[in-house]
Amino acid sequence: MAKKTTPAGHAPPRNSEIADRFDDIATMLDLEGANQFRIRAYRNASRFLRRYGREASDMIAGGEDLAELPGIGDDLAGKIRDLVATGTTSLLDDLRAKTLPVSLNLMRIPGLGPKRIRALVDGLKIRSIGRLRQAAAEGRIRSLPRFGARLEQYLLRMLEERQSKSIRFPLSVAMTAARPLVAHLERGPTISRVVVAGSYRRGLETVGDLDILATAADRKAALDWFTRYGEVAEVRASGTTRATVLLRSGLQVDLRVVAEDSFGAALHYFTGSKAHNIAVRLRGRERGLKINEYGVFRGSRRIGGGTEAEVFAAVGLPTIEPELRENLGEIEAAAAGKLPELVRLKDLKGDLHVHSTYTDGTASIREMALAAKACGLSYIAITDHSRRLTVAHGLDSAGLRRQIAEIDRLNAEDLGIRILKGIEVDILPNGSLDLPDGVLAELDLVVAAVHSAFHLDREAQTRRIERALAHHLVTILAHPTGRLIGEREAYDVDMDRIVRAARAHWVILEINSDPERLDLRDVDCRRAKAAGVPVSIDSDAHQVGAFANLAYGVTQARRGWIEAADVVNTRSLEALLRLLEEKRAGQPAVGASTAA
DNA sequence: GCCGTTTTCGGCCCGACTGTTTTCAGTCG
């Protein structure tokens, strides 16, 4: 028990936490009416940090200059250093001291911004949500300048609902809601084209709302058709070009009806990301062009906008895939002709992480194999759980040998798909594996995974996984960060070190396609690729229908700039078996060509 | 607060919708 703790005795904040503090600063500056561009600087830096692949604290430890990062100058670099060293910075402390908590709470209500909040707080001397609700109930809010009865009623409703609006939906949930809605719109009067844009189209793992674009000869009829959709719970706005509704599921949907000749410009604009759009517009301005959702203009003359390709061409770029549009280097890569050729679902030839009724799957090995074959795959690896995972009836050596025998029999039958023998073996808290080497050596491949002791501190967790990666029989590290989207954060692990260890020991990193996992994360995919570490896009299927999830994994990989050549299971069975053989011999060709 | 083959100062993306007004401020994306 060391009583003496250095200021750095606590774990240094992650980028996401630094970003949270910058967002706090931006919100409080906004409330005090600070310069909008100063506020934007904090929000831009926050957005960058959330998406950046490396931890600022690691960069500081390595003596790197944070002011080299885009949107971060000397001042913000200093504040990041403060936050890393002490957990706070003087500006944040000052703002917290003079900002009323009620104002911060009110900022979470859509429709309320700093001006209205200041009017409420100053005009009515409101100091708590309860008082505000009271004032609204008594009809005192409508008397404020530029407030009225409608706004008062709206506020009252929002306060009653106490809705926190920051709910984001997993992409898979959004897709389930979007498909029937798109079908409804496509049947609508005079509607010709319907595309879901926004973060949905970029394949983000979660989406806040749906942005749908359509073309229609009769805009009003199209918007009416939209607001009358059966799943609509509430129409929040409805104008001449767009409408906003809330579905029963809680998902907010915007429909914008645009002219045919500006469809490409609108699609680009509403696909985002915001950072990408701003960068493209600035590039346009350098060329004397104005780019907005209606087209590309030189002066008042429209020179393009019917297709996205025209928008990109106007700024001298080839079309950039939606998954890359985050202003994280894609524009520079496009300008240099170095855009990646992103992996596609049809490139996958196999699936290296599949369960069966031997443990917690719901279908037999034969059923899983036939289902995979029906999806066009030519091989799968059966990788059931190992004994420690008792909740899943994990296999011991004897059980695994029975499974090996069954797989041999099925392969002898020739089902038209090759079944590889594998295991998803637990990485125990000390980094050893849950089954003896003897039985693991009888398999075609070994998938190792963490399913316990998520709470270990960063150093212990990292060392645990490094040790497993160093095991000569481990082929793949499954769901490397362990996060469950919206449910459980990733365990605390240094992914830079994991990627380095994977490279050193020729271990493949998995992109788990389960829509709850999507793990590797996109930023980690880029790290793996940069280090020359191959990935496998696997379903982790526990039922026959789950091979469809591979599409989510592919989208995740695409967001991580992954190409077919980076993915081991785009290889033919023969090539994959060769790779596994080389790994076993300690000298695989994969990943060996590029230096880390 | 950031940034720079037009700038180290003076810019910073910009249009739609709502609710309040009667020409526009506030908010959002």
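Residues numbered from 1 in each chain as written. Chains lettered and ligands numbered in written order. Predicted model: local features only at pLDDT ≥ 70, side-chain atom pairs only at ≥ 80, totals over all residues. Heavy atoms only, no water.

Novice: Could you give me a rundown of the confidence of the model for chain A, with the residues and numbers involved?
Specialist: When pLDDT is averaged along chain A, the result is 90, and 95% of the positions lie at 70 or above. Low confidence marks residues 1-8, where pLDDT is under 50. Its contacts with residues over four positions away, or in another chain, come to one contact. Across residues 591-596 the pLDDT falls below 50, and counting only partners more than four positions away or on other chains, this stretch makes 10 contacts in the model. (pLDDT = per-residue confidence, 0-100. Contact = heavy atoms within 4.5 Å.)

Novice: I'd love a proper account of the sheet that holds strand β10 (residues 301-304), names of residues and values included.
Specialist: Here we have three strands laid out as an open sheet, ordered β8-β9-β10, and antiparallel in their pairing. Each having just a single partner strand, β8 (290-292) and β10 make up the two edges of the open sheet. The mean angle between the axes of side-by-side strands here comes to 35°, regardless of whether they run parallel or antiparallel. Where strand β9 (residues 295-298) and β10 come together, three bridges link them in antiparallel fashion. When the sheet's bridge partners are listed, Val296 is paired in β10 with Gly304. (Pairing = 2+ DSSP bridges. Helix = DSSP H or I, 4+ residues; strand = E, 2+ residues; numbered from the N terminus. Axes fitted to C-alpha atoms, helices over the stretch in contact; angles between N-to-C directions.)

Novice: Which residues make up the packing of aromatic side chains, and what values go with them?
Specialist: Each pair of aromatic rings is reported with the distance of its centres and the angle of its planes. Under the counting rule described, the total for this entry stands at four aromatic pairs. Pairing Tyr269 with Phe270 gives two aromatic rings, centres 4.8 Å apart and planes at 80°, and the pair type is edge-to-face. Judged by its relative accessible area of 14%, Phe270 is buried. For the ring pair Phe454 and Tyr491, a centre distance of 6.1 Å and an interplane angle of 15° mean the geometry is stacked. Of this pair, Phe454 sits in the loop between β14 (445-449) and α20 (458-470) while Tyr491 sits in the loop between β15 (476-477) and α21 (495-504), placing them 37 residues apart in sequence. Classification of Phe454 by relative accessible area gives partly exposed; the value is 27%. Given a relative accessible area of 4%, Tyr491 falls into the buried group. Directly above the aromatic system of Phe297 lies the positively charged group of Lys290, at a separation of 5.9 Å from the ring centroid. (Phe/Tyr/Trp six-rings, centres within 6.5 Å; stacked < 30°, edge-to-face > 60°. Buried < 20%, exposed > 50% of the residue type's maximum accessible area, 1.4 Å probe, protein only. Lys NZ or Arg CZ within 6 Å of the ring centre and 35° of its normal.)

Novice: Account for the pairing of strand β11 (residues 350-354), naming residues and giving values.
Specialist: Among the five residues of β11, five are classified as buried, and the element is accordingly described as predominantly covered. In this sheet, strand β12 (residues 379-385) lies alongside β11 in parallel orientation, the contact comprising three bridges. Its bridge partner lying in β12, Asp351 is registered against Ile380.

Novice: Any chance you could break down the layout of surface pockets for me, citing the residues and the numbers?
Specialist: Space inside the second largest pocket adds up to approximately 430 Å³. For the second largest pocket, the lining is made up of 19 residues, of which Gly53, Val523, Arg526, Arg527 and Ala530 are closest to its centre. Mapped onto the lining of the second largest pocket, the elements with two or more residues apiece are α2 (36-51) and α22 (522-531). Of all the elements, α22 adds the most residues to the lining of the second largest pocket, at six residues. Looking at the lining of the second largest pocket, its residues break down into seven nonpolar, two polar and 10 charged. (1 Å grid on protein atoms, 1.4 Å probe; cavity = no way out; pocket = protein on both sides within 12 Å on 5 of 7 lines; lining within 4 Å. Points joined across faces, edges and corners; volume = space filled by probe spheres on them. Nonpolar A, V, L, I, M, F, W, Y, C, P; charged D, E, K, R; others polar.)

Novice: Describe the protein's contact with DNA strand B, listing the residues and the values that go with them.
Specialist: Every one of the 43 residues lining DNA strand B counts as a neighbour, but Arg40, Gly113, Gly148, Ser238 and Tyr294 are closest to it. Counting only atoms of DNA strand B within 4 Å of the protein, the sugar-phosphate share comes to 75%. Within the backbone of Arg116, one N or O atom sits 3.1 Å away from a phosphate oxygen of DNA strand B. A distance of 2.7 Å separates a phosphate oxygen of DNA strand B from a polar side-chain atom of Thr241. Element by element, the count of residues in the surface near DNA strand B is highest for α2, at five residues. Classifying every residue of the surface near DNA strand B gives 17 nonpolar, 11 polar and 15 charged. (Near = heavy atom within 4 Å. Polar contact = N/O pair within 3.5 Å; in protein donor to acceptor, adjacent residues only side chain to side chain.)

Novice: If you had to explain the nonpolar core to someone new, which residues and values would you point to?
Specialist: Across soluble globular proteins, nonpolar side chains show a tendency to be buried alongside one another. One finds Ile380, Ile419, Ile423, Leu509, Ile537 and Phe547 to be the most contacted residues of the largest nonpolar core, which totals 62 residues. For Leu509, the contacting residues outside a window of four places in its chain are Leu477, Pro480, Ile498, Val499, Ala502, Leu520, Ala528, Val533, Pro534, Val535 and Ser536. Ranked by size, the runner-up nonpolar core spans 33 residues in total, among them Val196, Val245, Val253 and Leu255. (Core = buried A, V, L, I, M, F, W, Y, C linked by side-chain atoms within 4.5 Å.)

Novice: Provide a residue-level description of the environment of Thr570, including the pertinent values.
Specialist: Relative to the elements of secondary structure, Thr570 occurs in the loop between α23 (550-559) and α24 (573-585). Aside from chain neighbours lying at most four places away, what touches Thr570 is Val343, Asp347, Leu348, Lys349 and Ala564. A distance of 2.7 Å separates a polar atom in the side chain of Thr570 from the backbone oxygen of Val567.

Novice: Can you break down unusual backbone geometry residue by residue, with the values?
Specialist: Omega for the peptide link from Gly272 to Ser273 comes to -5°, which places this bond in the cis form. On the secondary structure map, Ser273 appears in the loop between α13 (263-271) and α14 (274-286). Here the bond from Asp519 into Leu520 is cis, since omega is 15°, no more than 30 degrees from zero. Mapping Leu520 onto the fold places it in the loop between β16 (508-512) and α22.

Novice: Summarise the side chain of Glu55; cite the residues concerned and give the values.
Specialist: Assignment of secondary structure puts Glu55 in the loop between α2 and α3 (56-61). Although buried, Glu55 forms no salt bridge, and the nearest oppositely charged side chain, Arg14, lies 4.4 Å from it. Setting aside chain neighbours within four positions, we find Glu55 in contact with Pro13, Arg14, Asn15, Arg458 and Arg527. (Lys, Arg positive; Asp, Glu negative; His and termini not counted. Salt bridge = Lys/Arg side-chain N within 4 Å of Asp/Glu carboxyl O.)

Novice: Can you explain the pattern of salt bridges? Please cite residues and give values.
Specialist: With the rule as written, the count across this model stands at 44 salt bridges. Among the ionic pairs, Arg50 bridges to Asp23, the shortest N-O distance being 2.6 Å. Taken together, the positions of Arg50 in helix α2 and Asp23 in helix α1 (residues 15-31) put the pair 27 residues apart, joining distant regions of the chain. Two residues, Asp522 and Arg559, come together in a salt bridge whose shortest N-O distance is 3.1 Å. Remark: Arg559 occurs in helix α23 and Asp522 occurs in helix α22; sequence separation between them is 37 residues. Taken individually, Asp522 and Arg559 each receive the classification buried, so the pair is uniform in this respect.

Novice: Outline helix α12 (residues 219-227), supporting the account with residue identities and numerical values.
Specialist: Here α12 has its buried residues at Ala222, Leu223, Phe226 and Thr227. Along the long axis of α12, the arc covered by the buried residues comes to 130°, so they all point the same way. Where α12 is buried, its residues meet α10 (171-186), β2 (191-196), β4 (209-216), β5 (232-238), β6 (242-247) and β7 (252-258). Where α12 begins, one side-chain oxygen reaches toward the backbone nitrogen of Lys220, 3.2 Å away; that side chain belongs to Asp218. (Arc of directions from axis to C-beta.)

Novice: Run through the environment of Ala266, naming residues and quoting values.
Specialist: Here Ala266 shows up in helix α13. As for Ala266 and Ala214, which are separated by 52 residues in sequence, their C-alpha atoms are 9.7 Å apart. If near-sequence neighbours (up to four positions away) are discounted, Ala266 is found in contact with Leu213, Val258 and Glu293.

Novice: Can you break down the pairing of β6 residue by residue, with the values?
Specialist: Working note: regular strand, side chains alternate between the two faces of the sheet. With five of six residues buried, β6 lies mostly within the body of the structure. Of the strand pairs in this sheet, β5 and β6 are connected by five bridges, and their pairing is antiparallel. Residue pairing across strands places Glu234 opposite Leu246, the latter belonging to β6. Pairing of β6 with β7, which is carried by five bridges, proceeds in the antiparallel orientation. In the sheet register, Thr244 faces β7, and the bridge partner there is Asp254. Where β6 hands over to β7, the hairpin turn is made up of four residues, of which Gly250 adopts a positive phi near 100°.

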